[in-house]
Amino acid sequence: MKKLLAIILSLCMVAGIATALVLSASADTSAPDISDYVTDGLAAFYTAGYHSEDGNTWLDASGKNVNIDLSSLDKENNYFDDENGVFMNKATKVQFDSAIVSLISSGKFTTEMVIKNTEVLGTQYGTYMNCANDNYSTFIRLTALPLIYVEFKDGINARPKVEIADKDYFKDSTVTITYDLDAGVCCMYVNGVLLQSVTPTTAFTVDNFYFGHEDASRSHNTEFAGFRFYDRALTAAEVAANYAADTGEPLDPEESSSETSTEIPTETTVVNIAIDKTYTVSETSLRDDGWDDNGIKLTDGVKLREDSGSTDIISGFSAQSVEVVIDLGEVTAISGFYADLIGNNGWGIASPTTDAVEFLYSTDGSDYTSVQKVEGTDLTPVYGEEGGWVVYEFTVDTNAEARYVKVIYTGTGAFLWTSEIEVYTQVEVETSEEPSADISDNETSEGGTPITGDTGFAALAILSVIALAGIAVIKRK
């Protein structure tokens, strides 16, 4: 009888251990302790160990309730791996809440993503965080092979862009973007180290903001450990402190500066080199009024951003197709193009949503290379609302050398109205100093409690030892 009792008790203890194992591998539905992280300005905090039991909601640990809805995703390609503390994303776009869209569009933010394992599958890019209008994009560039770059796109502004050695550069990393349009600062960090800072000058907005990507040219399989969003640009010291909290180890202040810190610090800025350049317009029917093009309006540096058509700003063409060729004066490295189109249904000018703009370049003025034809159907107005004055911006990036730039407007209505063409080049300028990454003033814990469930496993180990000891005592008796 005693032997039977011992066997039953042993089985119960083993069952208890098995139950504890199952529970320890499941999500902790209580909010994690995030006190080791910077919380000033925190707008949303996602860690892979904090989600609903059914895995349909990635819960926001900031207390703001900005949760991520995962219910519509294919669970075979998107799921929480609680044992490893990650959310597995296989070539899928996952939408953030609209509150994050508003935050990124505000012109002042910090985004952080924490990645474990990753494999870039895309043939041209590995796009990790992106939006429908492509104004925000954190990505790996493969279009210049054998050179590979890590890059951040912020509208038409200058971009942090740094050469790297491996397309899977984001493996085991914390990637941070800080942005403040008013202060004119945009910085890209990886693992608490500043890679590059640039000076943004133009506001941008985003829509349908997401992480992951399904396009074959941009996809990847990635284990995301978490995301953090702030309504301000974190300092270099705060970025370093958050990375230290991710790893559980303080970052050496000497390691928090760029690997190229022995060089003169520089930042990249974008310059419009089309200002005041001469241009020609393809033969078209003149309107014979003040809105006729005068050979100056399209490169005078003035864009329409008001609710009426100004004859000093707008060039109006009575045509469905117009070609403009700008002479830059000399062969120059160019990084992008811009052109706008204006509509007003009340004036009989069709909305630019039915129009398209193609950008081409040439070194000799004879043989042109097309960069891209941008369709208005993919855009939304940057000014005004349909039915009244609306302005659409057509932009495209490139990496080329040219003296001549051709812009081809194609519409479906009787008129084409535009106010400006811009051609961009990137210029490196020296900065007086680089941001400090000293974390000595930050109240961070060197041994903070991990938020991935390690404490539960420690408790389980203790429970196992106690249970096995109990079994040994029973056996001896």
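For every chain, the first residue of its written sequence is number 1, and the numbers climb from 1 along that sequence. Restriction of local features to residues with pLDDT of at least 70 applies here, the model being predicted, together with a cutoff of 80 or more for giving and counting side-chain atom pairs; totals for whole chains, interfaces and linings are based on all residues. Remark: hydrogens and water are excluded; side-chain values derive from all non-hydrogen atoms of the structure.

**Observations concerning the side chain of Thr111**
(1) Moving on: As for its placement among the helices and strands, Thr111 is situated in strand β7 (residues 108–120).
(2) Moving on: For Thr111, a relative accessible area of 1% translates into the label buried.
(3) Moving on: Side-chain polar atoms of Thr111 contact the side chain of Tyr136, separated by 2.7 Å.
(4) Moving on: Ignoring anything within four residues of it in the chain, the contact list for Thr111 reads Ile104, Met129, Tyr136, Val175, Thr176, Ile177, Arg228 and Phe229. To qualify as a helix, a DSSP run of H or I must reach at least 4 residues; to qualify as a strand, a run of E must reach at least 2; elements of each kind are numbered from the N terminus. Think of it in three bands: with a 1.4 Å probe and only protein chains considered, a residue is buried below 20% of the maximum accessible area for its type, exposed above 50%, and partly exposed in between. Polar contacts, as used here, are pairs of N or O atoms within 3.5 Å; protein pairs need one atom able to donate a hydrogen and one able to accept it. Residues neighboring in sequence count only if both atoms are side-chain atoms. Any two residues having at least one pair of non-hydrogen atoms within 4.5 Å are treated as being in contact.

**A word on the side chain of Asn78**
(1) Moving on: By the element assignment, Asn78 lies in strand β4 (residues 78–81).
(2) Moving on: Look at Asn78 and you get buried, because its relative accessible area is 3%.
(3) Moving on: A polar contact is formed between the side chain of Asn78 and the side chain of Asn89, at a distance of 2.8 Å.
(4) Moving on: Asn78 has contacts with Leu73, Phe87, Met88, Asn89, Lys90, Thr92 and Val94, leaving out every residue within four places of it along the chain.

**A look at the nonpolar core**
(1) Moving on: Residues enter a nonpolar core if they are buried and are Ala, Val, Leu, Ile, Met, Phe, Trp, Tyr or Cys, with the set joined through side-chain atoms within 4.5 Å. Of all hydrophobic cores here, the largest spans 48 residues; its most connected members are Trp58, Tyr136 and Phe229.
(2) Moving on: In terms of nonpolar packing, the next biggest core, distinct from the first, is built from 30 residues, Phe317, Ala339, Phe394 and Ala400 among them.

**With respect to the packing of aromatic side chains**
(1) Moving on: Centre distance within 6.5 Å is the pairing criterion for rings of Phe, Tyr and Trp, where only the six-membered ring of Trp is used; planes under 30 degrees apart are then read as stacked, over 60 as edge-to-face, and the remainder as tilted. Following the criterion strictly, the structure yields 32 aromatic pairs and no others.
(2) Moving on: Considering the side-chain rings of Phe96 and Phe211, the 5.3 Å spacing of their centres and the 55° angle between planes classify their relative orientation as tilted. Taken together, the positions of Phe96 in the loop between β6 (94–95) and α2 (98–104) and Phe211 in strand β15 (residues 210–211) put the pair 115 residues apart, joining distant regions of the chain. We note that Phe96, like Phe211, is buried.
(3) Moving on: On the basis of an interplanar angle of 85° and a centroid distance of 5.3 Å, the ring pair of Phe96 and Phe227 is categorised as edge-to-face. Placement of Phe96 in the loop between β6 and α2 and of Phe227 in strand β16 (residues 220–230) is noted, with a sequence separation of 131 residues between them. An identical accessibility class is assigned to Phe96 and Phe227; each is buried.
(4) Moving on: Criterion for a charge above a ring: Lys NZ or Arg CZ within 6 Å of the ring centre, and within 35 degrees of the ring normal. Arg287 extends its terminal NZ or CZ atom over the ring of Phe415, reaching a point 5.3 Å from the ring centre.
(5) Moving on: Over the aromatic face of Tyr338 sits the side chain of Lys303, whose NZ or CZ is 4.2 Å from the ring centroid.

**Topic: the pairing of strand β5 (residues 86–90)**
(1) Moving on: The element β5 is largely enclosed, with a buried count of four among its five residues.
(2) Moving on: As paired strands, β4 and β5 are joined by four bridges and run antiparallel to one another. Following the sheet pairing, Asp81 is matched in β5 by Val86.
(3) Moving on: Two strands form a pair only when DSSP identifies at least two bridges running between them. Where β4 hands over to β5, the hairpin turn is made up of four residues, of which Gly85 adopts a positive phi near 65°.
(4) Moving on: Sheet analysis places β5 next to β16, joined by four bridges and oriented antiparallel. Directly across from Asn89, in β16, lies its bridge partner Thr222.

**Focus: the pattern of salt bridges**
(1) Moving on: Here a salt bridge means any side-chain nitrogen of Lys or Arg lying within 4 Å of a carboxyl oxygen belonging to Asp or Glu. Under the criterion given, the structure shown has 14 salt bridges.
(2) Moving on: Arg287 is the partner of Asp289 in a salt bridge, and the nearest nitrogen-oxygen pair spans 3.0 Å.
(3) Moving on: Between Glu323 and Lys406 there is a salt bridge, with the nearest N and O atoms lying 3.8 Å from each other. Here the residue Glu323 occupies a position in strand β20 (residues 321–343), and Lys406 occupies one in strand β24 (residues 390–410), the gap between them amounting to 83 residues.
(4) Moving on: Classification of Lys406 as buried rests on a relative accessible area of 16%.
(5) Moving on: Each of Asp134, Arg141, Glu151, Lys153, Arg159 and Asp397 takes part in one network of salt bridges that share partners.

**What about the environment of Tyr169?**
(1) Moving on: Tracing the chain through its elements places Tyr169 in the loop between β11 (161–164) and β12 (173–180).
(2) Moving on: Sequence separation between Tyr169 and Tyr149 is 20 residues; the distance between their C-alpha atoms is 9.3 Å.
(3) Moving on: Beyond its immediate chain neighbours, meaning those up to four positions away, Tyr169 contacts Ile140, Val150, Ile164, Val190 and Leu195.

**Overview of the sheet that holds β6**
(1) Moving on: Read across the open sheet, the six strands follow the order β6-β15-β8-β9-β10-β11; overall the sheet is antiparallel. Every other strand in the sheet has two partners, leaving β6 and β11 as the edge strands with one partner each.
(2) Moving on: Relative to β15, strand β8 (residues 125–130) runs antiparallel, the two sharing two bridges. By the bridge assignment for β15, Met129 is matched with Phe211.

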